[in-house]
Amino acid sequence: MSAQSLFYIIITILIVDFLVDSIIGHLNAQKFDDPIPEDLKDVYQKDEYEKSQAYKTENYRFSNITGIFSLLLTLGFLMFDGFDFVDRLARSLTDNPILITLIFFGIITLGSDIITTPFSYYHTFVIEEKYGFNKSSIKTFILDKFKGWLMMIIMGGGILALIVWFYLIAGTNFWLYAWGIVAVFTLFINMFYSRIIVPLFNKQSPLEDGSLKTKIQEYAAKVGFQLDNVFVIDGSKRSTKANAYFSGFGKQKRITLFDTLIEDLEEEEIVAVLAHEVGHYKRKHIIFNVVTSIVLTGLTLYILSLFISIPELSLAIGVSQSSFHAGLVAFGILYSPISELTSLVMNYFSRKFEYQADNYAKETYAAQPLITSLKKLSKNSLSNLTPHPAYVFVNYSHPTLLQRFKNLKLEAPK
Ligand SMILES: [Zn+2]
């Protein structure tokens, strides 16, 4: 296939992807004003519901604008030989193929991040601010940017350099080595996420002794779950929105509660949320996710290895000289319909796992405090209670509040 045909396929993929997203987003927006389902009537007072509708609408408009902007930016870059310009620039600075790749991706990722920063600024300091969610200062916002870049340069740059090096020494067999290094890295990050990444952005401290800790320990003992590590993180530094999550495995496993969660919920509700997180662990969702992500990475790298040496692949994005990095960009776009499909499947599993974790909490603790906690959390984040099923199918990693409510209300099978 010629580079030109590939170029048109790339453009088509970008546009179709945008249109599909827009249509699904539009369907979802049609339901913003739907009446609240009977079972969820107690989530919002009238004025709060109106506020949530305004919030949904504002976010929808905002995501339309950013979507169109990023489509036009990518198309413009492709049509006006932006990749060729950056490629030439990188080549003019060095002859080392690894450095050329690093400079090429460095300019593109950093450049696009800088161009889109006004959007994230607007989202945090205008939209989130207006609805009372934002707690982040300008200083935190800027520091977050720099820390994010630093992490990207060290970790992304390091892995990319290794992959190019493997390609230089092993040819198309590079994918096996690349897979190995990415797998090790994935396991490492999963294991030590809370120890290495989180401290860069947040303060976390062990949950203090008191009635909450006692309740948690009682629950952990009851289900036979070794739980020495319950941490509280200062989520309130950035947002009023609350969360809890599980990370690590083996001795490194820990549950992290946002300080905002502790603020918003009663102790029984917090234990119920924690029971849900324990459910994820007990039902082996953590391991499933890590293994699946490693397998999918291997598959993607293998398919990449089949195409990366074809010069037309890299020439398709308008560069004058074929290379690994240009091929990688073209492949990334050509492969995106497949990665959209895998993300659909992963979201499907994720929603199934949420039910399983909810059921675990229901069976080992209680359904009612989980229901009230989910309702409070939805209320406090002005959640959409009436999303369109197509939008849920594509984008939701969790079932809707109504679905979770109905599932939790079902009698537990004896
Ligand atoms: Zn969950």
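Before any of the text, the structure's been laid out above.
Residues numbered from 1 in each chain as written. Predicted model: local features only at pLDDT ≥ 70, side-chain atom pairs only at ≥ 80, totals over all residues. Heavy atoms only, no water.

1. Considering the overall build of the protein chain
In step 1: Assigned secondary structure in the protein chain consists of 17 helices and four strands.
In step 2: Taking 2.2 N^0.38 as the reference for a compact globule, 414 residues should give roughly 22 Å; the C-alpha atoms of the protein chain span a radius of gyration of 23 Å, in line with that estimate.
In step 3: Dimensions along the principal axes, computed over C-alpha positions, put the protein chain at roughly 65 × 45 × 45 Å.
In step 4: Within the protein chain, the proportion of its 414 residues that are buried is 44%.
In step 5: Considering only residue pairs separated by 6 or more positions, the protein chain has 76% of its internal contacts joining residues 24 or more positions apart.
In step 6: Across the protein chain, 37 positive and 38 negative side-chain charges occur, with their mean positions spaced 4 Å apart. (Helix = DSSP H or I, 4+ residues; strand = E, 2+ residues; numbered from the N terminus. Rg over C-alpha atoms; globule rule 2.2 N^0.38 Å. Buried < 20%, exposed > 50% of the residue type's maximum accessible area, 1.4 Å probe, protein only. Contact = heavy atoms within 4.5 Å. Lys, Arg positive; Asp, Glu negative; His and termini not counted. Charge placed at Lys NZ, Arg CZ, Asp CG, Glu CD.)

2. Remarks on the coordination of the zinc ion
Around a metal, the idealised angle for a tetrahedral arrangement of four donor atoms is 109.5 degrees; for an octahedral arrangement of six donor atoms it is 90 or 180 degrees.
In step 1: For the zinc ion, the protein coordination sphere consists of His276 (NE2), His280 (NE2), Glu354 (OE) and Glu354 (OE), at 2.1 to 2.6 Å.
In step 2: Coordination geometry of the zinc ion: the four donor atoms subtend angles of 54 to 134° at the metal centre, consistent with an arrangement described as irregular.
In step 3: Taken in sequence order, the residues that donate to the zinc ion follow the motif H-x3-H-x73-E. You can see His276 sitting in helix 10 (residues 267–282) and its partner Glu354 sitting in helix 14 (residues 336–364), a full 78 residues away along the chain. Glu354 shares its class with His276; the two are buried. (Donors = N, O, S within 2.8 Å, 3.2 Å for Na, K, Ca; no water. Tetrahedral: all angles 85-135°; square planar, octahedral: opposite > 155°, others 65-115°.)

3. Re helix 5 (residues 138–170)
In step 1: Its 33 residues place the ends of helix 5 46 Å apart at the C-alpha level, agreeing with the 48 Å of an ideal helix rising 1.5 Å per residue.
In step 2: The largest bend in helix 5 amounts to roughly 25° and is located at Gly157.
In step 3: Residues of helix 5 that are buried in the fold lie against helix 4 (97–130), helix 6 (174–196), helix 7 (198–201) and helix 13 (324–334).
In step 4: Backbone geometry just after helix 5 places Gly171 at a positive phi near 65°. (Expected span 1.5 Å × (residues − 1). Bend = angle between axes of the 7 residues up to and from the residue.)

4. A look at the packing of aromatic side chains
Here a ring pair, both rings aromatic, is described through the centre-centre distance and the interplanar angle of the planes.
In step 1: In total, this model carries 35 aromatic pairs according to the counting rule given.
In step 2: When the centroid spacing of 5.4 Å and the interplanar angle of 75° are considered together, the rings of Phe7 and Tyr8 count as edge-to-face.
In step 3: With 6.1 Å between their ring centres and 40° between their planes, Phe349 and Phe353 make a pair best called tilted. On the criterion of helical spacing, the pair formed by Phe349 and Phe353 is a turn pair, its members being four residues apart in helix 14.
In step 4: Residue classification places Phe349 among the partly exposed positions, given a relative accessible area of 29%.
In step 5: A residue is classified by how much of its surface remains accessible, and Phe353, at 9% relative accessible area, is buried.
In step 6: Aromatic rings pair up to connect Phe62, Phe69, Phe119 and Tyr122 into one cluster.
In step 7: Lying over the aromatic face of Phe225, Lys253 brings its terminal NZ or CZ to 5.1 Å of the ring centre.
In step 8: In this arrangement the basic side chain of Arg254 is found over the ring face of Phe231, its NZ or CZ atom lying 3.8 Å from the centre. (Phe/Tyr/Trp six-rings, centres within 6.5 Å; stacked < 30°, edge-to-face > 60°. Lys NZ or Arg CZ within 6 Å of the ring centre and 35° of its normal.)

These results come straight from atomic positions and should not be treated as a statement about function.
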